[in-house]
Amino acid sequence: MSTVRVCHLYPNELNIYADRGNIAVLRRRLEWRGHELSVVDAEIGDQIPDDADMYYLGGGQDRDQIIVAGDLAQTKAEALHRAAAGGSVVLAVCGGYQLAGHGYTGVDGTRMPGIGLLDADTVAGTTRLIGDVVISVDVGGTPVTVVGFENHAGRTTLGGASAPFGTVRHGHGNNDIDGTEGAITGRVIGTYLHGPLLPKNPQLADMLLGWALEHATGGPVALAPLDDALEMQAHRAAIARVTERRSA
Amino acid sequence: MTIAPRGLSVALARGIGALSRRLGRGGGTSAPGRVLLWLRPKAIQELASTLTRGSLVISATNGKTTTGRLIGSCVATERWRTVSNRAGANLVFGVATALLDAVADEPSPEFGLFEVDEFALPELVTRLAPRVVVLMNLFRDQLDRYGELETIAESWARMIARLPATTILVLNADDPAIAALADGNRPVVFFGVEDPSARLDALPHAADSTRCRVCASPLVYDRVTLGHMGDWHCTHCGSRRPTPDVAADRVTLLGTTGIDLEISTPQGAVTARVALPGMHNAYNATAAVAAALALGIAHEHIGPALANAEAAFGRSERVMVSGHEVVLFLAKNPAGANVTVQTVQLDPDPLHLLIALNDRTADGNDVSWIWDVDYEPLLERLGDLVITGDRAYDMGLRFVYAGLDRARMRIEPDPERALDAALAQLPAGRCLYVLPTYTAMLGLRSILVERGAANAYWHDD
């Protein structure tokens with residue numbers, strides 16, 4: 001049995017798209033396999049460890065995101081960079097993805113700084129990009145369909161140091177132009193997909209858990225297969241809604 | 001464009017409504033208003049100005065329909081001839097349709113009572129020029145439709161700044177985002193819940209608006225009543241909850257059937273047994289008392305009026321189906337679902353639940369909100385659970401990852417089969433609690449109408 005340590009950043013401020021659902025999925029899928037999850041919540045002003053197995057950064061309302069941005073840069077960025085260099089997993093969703101990049105320029109030109117874990121930069125658009133998303137993601141060399149919902153005003157473009165997390169099959173993705181969704185550098189992932197992300201995408205959840213267990217134990221860990229029938233029914237239902245809405 | 005004469009516009013638009021009903025396109029609750037406003041853009045202003053007793057507008061994330069109904073019951077004691085919009089038809093066209101339908105009434109209506117969608121509120125307040133504006137709460141809701149709560153709070157503040165100095169605001173003192181809307185330039189009646197026993201152990205996960213509106217510091221709660229509402233203050237800048245003028249000093253929850261209330265007001269106490277369960281309905285009733293007093297309704301009529309009020313369709317609505325009692329608790333966002341989860345737990349017996357999750361336009365396409373709801377306390381109280389709706393599998397996952405054994409629930413996406421499955425396993429004498437989203441509620445309710453258990457909604461008033 002192993003314990004995976006997750007550092008949940010700003011659960012009080014960045015929780016708007018049901019981010020705790022992602023944490024629940026990590027916890028149960030470990031428990032069902034005889035492992036366990038230990039979560040450390042880090043709020044504004046808290047110092048964070050630089051050796052957690054995984055860090056989670058969710059999304060917030062604009063007002064909360066601005067409050068958090070300064071604290072992230074001042075009290076947590078250095079530890080996060082050391083952690084990422086040491087093989088920790090970072091999952092940043094929606095607003096958290098924007099903060100994990102270089103920063104966010106608002107419609108009025110104001111700049112909210114990011115921490116540069118991902119080579120991605122975001123500029124506010126005049127309309128919000130909202131709707132169901134289906135993307136294709138490389139999971140251990142195999143293309144896997146990942147479903148979710150997006151709701152963001154930011155248009156994100158990637159630099160050369162990050163690859164797209166996925167390729168858009170339906171929806172807007174990073175910027176509604178280049179067909180990319182999210183960003184990945186090593187084991188740091190940013191994405192606009194909530195829903196939340198992990199319940200309906202069990203293969204992705206297990207990829208992240210495999211990485212986190214590897215960090216926790218120092219070597220590869222085989223994950224026992226689970227009965228994901230319900231997870232895949234929900235996954236297929238989400239894809240079906242995309243098709244139905246498109247033809248409606 | 002040419003503006004059609006008023007009489008002709010009204011006649012044409014009314015014809016559309018009749019046609020819509022005859023074609024079975026529902027109650028024709030919006031289409032006639034759309035036609036009317038196309039023919040005559042200022043029709044709402046014109047028709048509203050004929051209401052000699054003015055109008056009252058109510059808005060909130062949760063509780064609009066029920067509170068509107070409670071206020072309507074108070075207004076009825078004064079025998080004011082009242083026009084009001086149907087539940088759900090709460091956008092500009094719905095209000096226009098309601099006014100249109102009332103024009104031909106003889107004698108003509110003298111008072112308007114309108115529940116209005118949060119987004120449509122500023123425009124409708126401008127058009128209706130109401131005497132009283134009741135604002136009850138703002139919770140996170142359907143982020144894909146409404147956007148962020150802050151956006152609505154800001155649009156309401158701008159709307160209030162433009163109101164005449166005579167408009168009376170009825171505001172919830174316990175909701176920091178609503179209390180902050182008092183701008184000092186017009187009369188305000190604050191309402192709130194003072195009962196010291198009305199308290200949750202902690203702020204729920206889905207709590208919003210927990211930062212001070214003045215200085216953005218985290219608020220301190222001496223008492224949390226519901227969601228982010230309660231007795232709040234800011235230790236940093238000293239901003240605090242206003243003292244309610246109309247206060248529920250005593251709230252006694254009578255299981256899942258109702259509440260006993262003692263409400264203090266500047267004109268003396270109002271006591272009532274209201275046939276609507278749960279703390280959220282204590283807020284709805286207290287808001288209704290404040291609104292009734294702002295309208296000048298006789299104080300002694302208010303308690304009996306609340307006691308006589310019946311549930312609005314789908315909102316704690318009780319119906320009998322093949323010998324079983326079924327209670328519909330509309331649950332369409334995290335705060336609303338949380339109070340529903342708390343309310344059904346007031347039933348001391350094992351709970352028999354039918355939960356229905358749709359993701360259509362009126363529900364919001366984004367179903368991620370179910371992960372913000374605290375369903376976990378239901379697990380230990382569960383008798384049976386049937387899950388239905390367009391996104392039944394998503395709701396199933398919500399319970400699986402809450403810790404429920406997959407074999408303990410039945411997932412049946414088809415609502416009629418799900419209802420039958422839930423009724424079939426319901427022990428005699430027990431109640432089935434139905435927790436649907438908005439369109440899921442309409443669907444289940446139309447099945448109940450077909451079975452003669454409930455009234456079609458456009459006849460419901």
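Calculation criteria
Residues numbered from 1 in each chain as written. Chains lettered and ligands numbered in written order. Predicted model: local features only at pLDDT ≥ 70, side-chain atom pairs only at ≥ 80, totals over all residues. Heavy atoms only, no water. Helix = DSSP H or I, 4+ residues; strand = E, 2+ residues; numbered from the N terminus. Expected span 1.5 Å × (residues − 1). Buried < 20%, exposed > 50% of the residue type's maximum accessible area, 1.4 Å probe, protein only. Salt bridge = Lys/Arg side-chain N within 4 Å of Asp/Glu carboxyl O. Pairing = 2+ DSSP bridges. Contact = heavy atoms within 4.5 Å. Buried area = accessible area lost by both parts, 1.4 Å probe. Axes fitted to C-alpha atoms, helices over the stretch in contact; angles between N-to-C directions. Parallel < 35°, antiparallel > 145°, perpendicular 65-115°, else oblique. Left-handed = near helix turned anticlockwise from the far one by under 90°. Nonpolar A, V, L, I, M, F, W, Y, C, P; charged D, E, K, R; others polar. Domains from an automatic or database assignment. Phe/Tyr/Trp six-rings, centres within 6.5 Å; stacked < 30°, edge-to-face > 60°. Lys NZ or Arg CZ within 6 Å of the ring centre and 35° of its normal. Core = buried A, V, L, I, M, F, W, Y, C linked by side-chain atoms within 4.5 Å.

Undergrad: Hey, could you run me through helix H1 (residues 20-31) of chain A in this one?
TA: Side chains three or four residues apart in an α-helix point the same way, a direct result of the helix having 3.6 residues per turn. Counted at 1.5 Å a residue, the expected span for H1(A) with its 12 residues is 16 Å, and the 16 Å between its end C-alpha atoms agrees. By the burial criterion, the buried members of H1(A) are Gly21(A), Asn22(A), Ile23(A), Ala24(A), Val25(A), Leu26(A), Arg29(A) and Leu30(A).

Undergrad: Would you mind going over the pattern of salt bridges with me for this structure?
TA: Side chains that differ in charge, positive against negative, can pair when their charged atoms come close. In this structure the tally under the stated criterion is 42 salt bridges over all chains. Between Arg29(A) and Asp206(A) there is a salt bridge whose closest N-O contact spans 2.9 Å. In this pair, Arg29(A) sits in helix H1 while Asp206(A) sits in helix H4 (residues 202-217), placing the two residues 177 residues apart along the sequence. The pair formed by Arg29(A) and Asp206(A) is uniform in burial state, with each residue classed as buried. Here Arg360(B) and Asp390(B) are joined by a salt bridge, their closest N and O atoms 2.8 Å apart. Placement of Arg360(B) in the loop between strand S14 (351-356) and strand S15 (382-388) and of Asp390(B) in the loop between S15 and helix H13 (392-402) is noted, with a sequence separation of 30 residues between them. The exposure class assigned to Arg360(B) is partly exposed, which follows from its relative accessible area of 41%. One network of salt bridges, in which partners are shared, links Asp132(A), Lys200(A), Arg241(A), Glu244(A), Arg245(A), Asp359(B), Arg360(B), Asp390(B), Arg391(B) and Asp394(B).

Undergrad: For this particular structure, what's the right way to read the pairing of strand S8 (residues 142-158) of chain A?
TA: Note on strand geometry: in a regular strand, side chains alternate between the two faces of the sheet. Residue and element names in this part refer to chain A. Pairing of strand S7 (residues 120-139) with S8 involves 16 bridges; the strand directions are antiparallel. Its bridge partner being in S8, aspartate 138 is matched across the sheet by proline 143. The turn joining S7 and S8, which pair antiparallel and follow one another in sequence, is formed by 2 residues; a positive phi near 60° is taken by glycine 140.

Undergrad: Got a minute to help me understand the side chain of Ser368(B) in this structure?
TA: Inspection of the secondary structure puts Ser368(B) in the loop between S14 and S15. Owing to a relative accessible area of 3%, Ser368(B) belongs among the buried residues under this scheme. With sequence-adjacent residues up to four places away left out, Ser368(B) is seen in contact with Tyr17(A), Ala18(A), His194(A), Gly195(A) and Pro196(A).

Undergrad: Could you clarify how one ought to interpret the interface of chain B and chain A in this entry?
TA: The interface of chain B with chain A comprises 34 residues on the first partner and 36 residues on the second. Both sides together, the interface formed by chain B and chain A hides about 3200 Å², and carbon and sulfur atoms give 52% of it. Inspection of the region where chain B meets chain A yields 7 salt bridges. Listed by contribution, the elements that provide at least two residues to the side of chain B that touches chain A are helix H7 (143-146), helix H8 (149-161), H13 and strand S16 (409-411) of chain B. Looking at the side of chain B that touches chain A, the element that brings in the most residues is H13(B), giving 8 residues.

Undergrad: Looking at this structure, I do not really get the sheet that holds strand S12 (residues 188-191) of chain A. What am I missing?
TA: Within a sheet, each strand pairs with its neighbour through backbone hydrogen bonds, oriented either parallel or antiparallel. Residue and element names in this part refer to chain A. Strand order across the open sheet formed by 6 strands is S2-S1-S3-S4-S12-S11, with mixed pairing between neighbours. Each having just a single partner strand, strand S2 (36-42) and strand S11 (183-185) make up the two edges of the open sheet. With strand direction ignored, the average angle separating the axes of adjacent strands in the sheet is 15°. Examined bridge by bridge, strand S4 (residues 89-93) and S12 share 4 bridges and lie parallel to one another. Note on S12: the bridge partner recorded for leucine 91 is isoleucine 189. Sheet strands touched by helix H2 (residues 62-85): strand S1 (3-9), S2, strand S3 (54-57) and S12. Its angle to S3, the strand with the most contacts, is close to 140°. Those strands touched by H4 are S1, S3, S4, S11 and S12, and its axis lies near 145° from that of S4.

Undergrad: Please explain the packing of helix H4 (residues 64-76) of chain B against helix H11 (residues 299-308) of chain B as it appears in this structure.
TA: Residue and element names in this part refer to chain B. Between H4 and H11, the least distance of the axes is 8 Å, while the angle of their chain directions is 130°. As judged from the angle between their axes, H4 and H11 are oblique. Note that H4 runs across H11; the crossing there is right-handed. In this structure, H4 contributes Leu70, Ser73 and Cys74 to the contact, and H11 contributes Ile302, Ala305, Leu306 and Asn308. Each residue belonging to the contact of H4 with H11 can be placed in one class, and the counts come to 5 nonpolar, 2 polar and no charged.

Undergrad: I keep staring at the pairing of strand S6 (residues 188-193) of chain B and nothing clicks. Help me out?
TA: Residue and element names in this part refer to chain B. Of all 6 residues that make up S6, 5 are buried, and the element is covered over most of its length. Here strand S5 (residues 168-172) runs beside S6; their pairing, made up of 4 bridges, is parallel. Following the sheet pairing, valine 170 is matched in S6 by valine 189. Strand direction decides the pairing type here: S6 and strand S9 (residues 246-254), joined by 3 bridges, are parallel.

Undergrad: Help me understand the domain arrangement of chain B in this model?
TA: Where the parts come together, the accessible area they lose is often given as the size of the interface. All names here are of chain B. The domain architecture assigned to chain B consists of domain 1 (1-41), domain 2 (52-98 + 106-308) and domain 3 (315-459). Domain 1 and domain 2 are separated by 31 Å when their C-alpha centres are compared. Facing 10 residues of domain 1, the contacting portion of domain 2 comprises 8 residues. Of the roughly 650 Å² buried between domain 1 and domain 2 on both sides combined, carbon and sulfur atoms contribute 69%. In this structure, the connection of domain 1 to domain 2 is made through 0 salt bridges. Counted by class, the side of domain 1 that touches domain 2 contains 5 nonpolar, 4 polar and 1 charged residues.

Undergrad: I keep staring at H13(B) and nothing clicks. Help me out?
TA: Residues and elements named next belong to chain B. Burial of H13 is extensive: 10 of the 11 residues sit out of reach of the surface. Every buried residue belonging to H13 is among Ala392, Asp394, Met395, Gly396, Leu397, Arg398, Phe399, Val400, Tyr401 and Ala402, and all of these are buried. Of the residues one or two after H13, glycine 403 is the one with positive phi, at around 115°.

Undergrad: Can you help me understand the sheet that holds strand S17 (residues 431-436) of chain B in this one?
TA: Residues and elements named next belong to chain B. Pairing is mixed in the open sheet, where 6 strands are placed in the order S12-S13-S17-S14-S15-S16. Edge positions in the sheet fall to strand S12 (315-321) and S16, since each has one partner strand and no second. For this sheet, the mean inter-axis angle between neighbouring strands, taken without regard to orientation, is 20°. As judged from the 6 bridges shared by S12 and strand S13 (residues 324-329), these two strands associate in the antiparallel manner. Paired with valine 319 across the bridge in S13 is valine 326.

Undergrad: Would you explain the packing of aromatic side chains in this entry?
TA: Geometry of an aromatic ring pair is reported as the spacing of the ring centres plus the angle between the planes. Enumeration according to the criterion identifies 6 aromatic pairs over all chains in this entry. Sitting over the face of the ring of Phe313(B), Arg315(B) holds its NZ or CZ atom 5.2 Å from the ring centroid.

Undergrad: Could you clarify how one ought to interpret the nonpolar core in this entry?
TA: Most often, soluble globular proteins keep nonpolar side chains buried together rather than apart. Formed by 103 residues in total, the largest nonpolar core has its most connected members in Leu91(A), Leu198(A), Leu208(A), Tyr375(B), Leu385(B), Phe399(B) and Tyr433(B). Top element by residues in this core is H4(A). It accounts for 8 residues. The residues touching Phe399(B), leaving out its near neighbours within four places in the chain, are Ile355(B), Tyr375(B), Leu378(B), Leu379(B), Leu385(B), Ile387(B), Leu404(B) and Met409(B). Ranked by size, the runner-up nonpolar core spans 52 residues in total, among them Leu70(B), Val193(B), Leu295(B) and Ala335(B).

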